[in-house]
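Descriptive analysis of the structure
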Amino acid sequence: MRALAFALFAVPLLAQHGRYLSDSHHSSIGNPQAIAAGTKLFMGSCAGCHGPDGGGGARGPNLVRRALWHPLSDEAIFQVIRKGVAGTDMPPTKLTDDQTWNLVAFIHALTGPASTNPAPGDPAAGKNVYWGTKAGCSNCHAIRGQGGSMGPDLSNVGGSRPLAVIREAIVEPAKDLYYLGNEAATVLLKNGKTLNGVAKNRSNYSLQLVDAKGILHLISMTDVKHLTLSASTPMPLDYGARLSKDELRDLLAYLAAQDTRAGERKGSK
Amino acid sequence: MMRMLLLFFALSLGGFAQVRHEDVAKGAAEDWLTYAGSYSGWRYSPLKQITSDNAKNIVAKWVYHVPEAQGLKSSPIVYQGVLYITDANSVFAIDGRSGRLVWRYAEARADKGGVNRGAAIWADKVYFTTTDNYLIALDRHTGAFLFSKKFADVDKGTTSTSAPLIAKGKVIVGSAGGDSGMRGFVMALSADTGQELWKTYTVPAKGEKGSETWGDLIDWGGGAAWLSGTYDSELNTLYWTTGNPWPDYNGAVRKGDNLYTCSLLALDLDSGKMKWHFQFTPHDTHDWDAQSWPMLVDTEILGRKRKAVLHANRNGFFYALDRVTGEFLRATQLIDKITWAKGVDEKGRPIMLPDSDPTPQGNWVCPSVKGATNWMGQSFNPGTGLLYVLTLEQCGMYYRSSQEPQPMKNFSGGGATEEGGQVFLRALDPKTGKRVWEYPMTGLGRMWTGTVSTAGGIIFSGDDDGHVVALDAKSGKNLWHFNVGEMLTASPIAYSVDGKQYLAIASATAVFSFGLFEPAANVEPPVIQVKD
């Protein structure tokens, strides 16, 4: 597992700020009516293979998670629905343009940046959850320069991640590889100095560590006597129980709204 | 482990090093804090571990391949061992000793493609601009987003490519896009908030002074400011160069000098007010932007000590001006073959030769559209007293189109091609403007590499064939070379970590760092423990 973890180490570094190419200018995207119409189409024609939540099934891939590694533009999803994927079980369709865009709108709601879709919950209430002591998110995560530096920056989390992925990272942070690049580390240097923080990047030869003050330390492994790494994420594992259903929903609404380009989106084509 | 982390978090924040004005003002040393290494634009490093004697022992220390890069034009910034390098709409923080990526910031939603020439650093923030004209500030340790500010509208033809220059808390940015019609400007934004402080257009508005040098196309006149400038803190003056007028090759539709294109502007840092201007190429019709570094050097010129600004121009001449007054002092030929002007007069205005304008059939003119030099970083070495400039001996065809000019449609009023030619790295004496030595290169005139010179007496640069080279600063003798296997398109820098000197340069797709050979150390490996 550790070998796999380190082999994939570069991925969260790349994904941290989002390389999301799903920005769309089409009027159906983020439109509740289009999403609702697309939901019906999806449940009737797509859910059998891709699962009712897009989470994947025996014949179709997980649409939500794959968006993290291979995001498709809305136009590309449109073409995939139209033409299918040759050599796979994904068939072409004969939907109208409007129907196809409704379906794209639903898939975008599942897989596109959270900020481009209507999120349930109250972002104002979620703001209090985020900055409050019960959740304590800001101890480790910063938004626009405010908050801790140990965890990933969340200034653009809504602008780069689907809502389902944000939710999963909160309630099941150890499920996947969210902690990679954010492993708690204690370094005893040969000069006797000890450093604590998160290992942002590590090889057999060098280590880049960010400490609790948010300061980066570049460490050569030849200077290290002893390195202790946490096998799991520093992110608390109990948010599913710690927060009420409403608190979690509101927190998600607040995070979904974190978009460094909020308000800059183009209108319909 | 978690408790331990939170305990550490509870400790007071602050108290770490920050980049201050005086750090940038003192020039490069261990760090390289601004695009050209210093406000005066010298690209000079006082590091002297690597010398002309031991340059033969230079080896590659690491290489970082920039994902999806196609022609990096970025010159790294270095602070406390971290290199910050940019590609279009992205910044990469790289460990200067190991070449490992520390963090990456990418703005995938920028509304345009393009290039980027570098980042800037101030306090604890790293700054860069996106192709769609956002200034973005990031935490230098983590790459966390701090703020962004949109400073121009891409829908009005403006894009952004240059590394910002930061002086006294003001982030100076410029405008690109002049070849398709736009109105150029230089602008200051607050380093703390991104708030606009001033904006100075490089082309006057209709009715303003200078507008009489234009016709109806003045609103789209160009004069882009697509390269960073230099700064004299004593005079509190920015020196910024401007690009060509639009449409590039058809001067008939914009009769007059077309102020303030192809010029050097002296701007007050606090207000942006133009103190003086000097136009190198009035009414340019060959796309000879003035974008080459205005180097601030105090030296004797024509028998008198001067606060000079030196400028090797794309039009083929090497200029010296008084940077206090803007007075023209001298111009000499940068390249051997210039066919459009027989020289410059006592005011610095070119003495034109007939039949040099682009024509519908094509007109053969020297220098070519790439120019006698271009935006490649020049270097001034106070040890040798010489200026090092990449030059291109090349001619080309210039065509004029009689089509109706249409802004923002990739229309430039004609076109240009270039053929053959040869790149020379030339050492010039600022006192006389004359050539001291030259290093001829093989290749096809495709390189965009600049130079860095050091107190160790070397010039570090790249040739026109994909080799990084070290030359003796006094003689131009080749001391060392390294084949990166692709074209070099950016300017090098020097830095130091833990007392070891490095020389770094971006090739088309990767960043290389070089240093002196050291045998591998036999070190006891650390104990690594993984705890649940």
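Everything quoted here is computed from the prediction, not taken from an experiment.

All names here are of chain B. Checked against the element boundaries, Asn116 lands in the loop between β6 (101-106) and β7 (120-122). In this structure the side chain of Asn116 is engaged in a polar contact, spanning 2.7 Å, whose partner is the side chain of Thr86. Separated by 3.0 Å, the side chain of Asn116 and the backbone oxygen of Thr129 make a polar contact. With residues up to four places along the chain from it excluded, the contact list for Asn116 reads Lys73, Ser74, Thr86, Asp87, Ala88, Phe128, Thr129 and Thr161.

All names here are of chain B. With respect to topology, four strands assemble into an open sheet ordered β17-β18-β19-β20, the strand pairing being antiparallel. Every other strand in the sheet has two partners, leaving β17 (230-232) and β20 (274-279) as the edge strands with one partner each. On average, each strand axis in the sheet is inclined to that of its neighbour by 20 degrees, with strand direction left out of account. As paired elements, strand β18 (residues 237-241) and strand β19 (residues 263-268) share five bridges and run antiparallel to each other.

All names here are of chain B. Omega for the peptide link from Trp246 to Pro247 comes to -5 degrees, which places this bond in the cis form. Mapped onto the fold, Pro247 is located in the loop between β18 and β19. Here Cys366 and Pro367 are connected by a cis peptide whose omega angle stands at 5 degrees. Of note in this structure, Asn89 is not a glycine but carries a positive phi near 60 degrees. Under the relative-accessibility criterion, Asn89 is labelled buried at 9%. A positive phi angle, near 55 degrees, is found at Ala123, a position not held by glycine. For Ala123, the position within the fold is in the loop between β7 and β8 (125-129).

This part covers the state of the cysteines. All names here are of chain A. As enumerated under the stated definition, the model contains one disulfide over all chains in all. Unpaired in this structure, Cys49 has its nearest cysteine sulfur neighbour in Cys46, at a distance of 8.5 Å. For Cys49, a relative accessible area of 21% puts it in the partly exposed group. Summary of cysteine pairing: Cys140 is not part of a disulfide, and the nearest cysteine sulfur, belonging to Cys137, is at 9.2 Å.

Once that is clear, we can look at the side chain of Lys125 of chain B. Residue and element names in this part refer to chain B. One can find Lys125 in strand β8. Of the residues examined, Lys125 reaches a relative accessible area of 15% and is grouped as buried. Sequence-distant contacts of Lys125, defined by excluding residues within four places in its chain, comprise Ala120, Ala137, Leu138, Arg140, Leu146, Phe147 and Ala191.

As a further point, take the nonpolar core. In terms of nonpolar packing, the biggest core is built from 65 residues, with Trp276, Leu310, Tyr388, Leu425 and Trp437 of chain B touching the most fellow members. The dominant element in this core, judged by the number of residues it contributes, is strand β29 (residues 386-400) of chain B, at seven residues. Setting aside chain neighbours within four positions, we find Tyr388 of chain B in contact with Gln378, Ser379, Asn381, Leu425, Arg426, Ala427, Trp437, Thr451, Ser453, Ile459 and Ala473 of chain B. Listed in part, the 59 residues of the second largest apolar core include Val210 of chain A together with Phe145, Ile172 and Leu269 of chain B.

Residues and elements named next belong to chain B. Sheet architecture is open: four strands sit in the order β11-β12-β14-β15, paired in antiparallel fashion. Every interior strand has two partners, whereas the edge strands, β11 (165-167) and β15 (196-201), have only one. Geometrically, the sheet is characterised by an average inter-axis angle of 20 degrees between neighbouring strands, direction not taken into account.

Residue and element names in this part refer to chain A. End to end, helix α7 (residues 97-111) covers 20 Å across 15 residues, agreeing with the expected 21 Å (1.5 Å per residue, within 8%). In terms of burial, α7 is largely enclosed, as 11 of its 15 residues are buried. Among the residues of α7, Thr100, Trp101, Asn102, Leu103, Val104, Ala105, Phe106, Ile107, His108, Leu110 and Thr111 are the ones counted as buried.

On to the confidence of the model for chain B, then. Residue and element names in this part refer to chain B. Looking at chain B as a whole, the pLDDT averages 94, with 97% of positions reaching at least 70. The model gives residues 1-15 a pLDDT under 50, and that stretch makes 26 contacts with residues more than four places away or in other chains. On the interface metric, ipTM, the complex scores 0.87, and its pTM is 0.90.

With that settled, consider the packing of helix α8 (residues 123-131) of chain A against helix α12 (residues 245-256) of chain A. All names here are of chain A. For the pair α8 and α12, interaxial distance at closest approach is 7 Å and the crossing angle is 100 degrees. Considered as vectors, α8 and α12 are oriented roughly perpendicular to each other. Contact residues: Pro123, Ala125, Gly126, Lys127, Val129, Tyr130 and Trp131 in α8; Glu247, Asp250, Leu251, Ala253, Tyr254 and Leu255 in α12. Here the contact of α8 with α12 is built from residues that sort into nine nonpolar, one polar and three charged.

Once that is clear, we can look at the pairing of strand β23 (residues 317-322) of chain B. Residue and element names in this part refer to chain B. Counting buried positions along β23 yields six of six residues, so the element is predominantly enclosed. Residue alternation in β23 divides its side chains into two sets, Phe317, Tyr319 and Leu321 and Phe318, Ala320 and Asp322, and both sets are buried. Relative to β23, strand β22 (residues 304-312) runs antiparallel, the two being bridged by five bridges. Counted as the bridge partner of Ala308 is Asp322 from β23. From the end of β22 to the start of β23, which pair antiparallel, there are four residues, and Gly316 there has a positive phi angle of about 110 degrees. In the sheet, β23 pairs with strand β24 (residues 328-333) via five bridges, with the strands oriented antiparallel.

The rules behind the values
Residues numbered from 1 in each chain as written. Chains lettered and ligands numbered in written order. Predicted model: local features only at pLDDT ≥ 70, side-chain atom pairs only at ≥ 80, totals over all residues. Heavy atoms only, no water. Helix = DSSP H or I, 4+ residues; strand = E, 2+ residues; numbered from the N terminus. Polar contact = N/O pair within 3.5 Å; in protein donor to acceptor, adjacent residues only side chain to side chain. Contact = heavy atoms within 4.5 Å. Pairing = 2+ DSSP bridges. Axes fitted to C-alpha atoms, helices over the stretch in contact; angles between N-to-C directions. Buried < 20%, exposed > 50% of the residue type's maximum accessible area, 1.4 Å probe, protein only. Disulfide = S-S within 2.5 Å. Core = buried A, V, L, I, M, F, W, Y, C linked by side-chain atoms within 4.5 Å. Expected span 1.5 Å × (residues − 1). pLDDT = per-residue confidence, 0-100. Parallel < 35°, antiparallel > 145°, perpendicular 65-115°, else oblique. Nonpolar A, V, L, I, M, F, W, Y, C, P; charged D, E, K, R; others polar.

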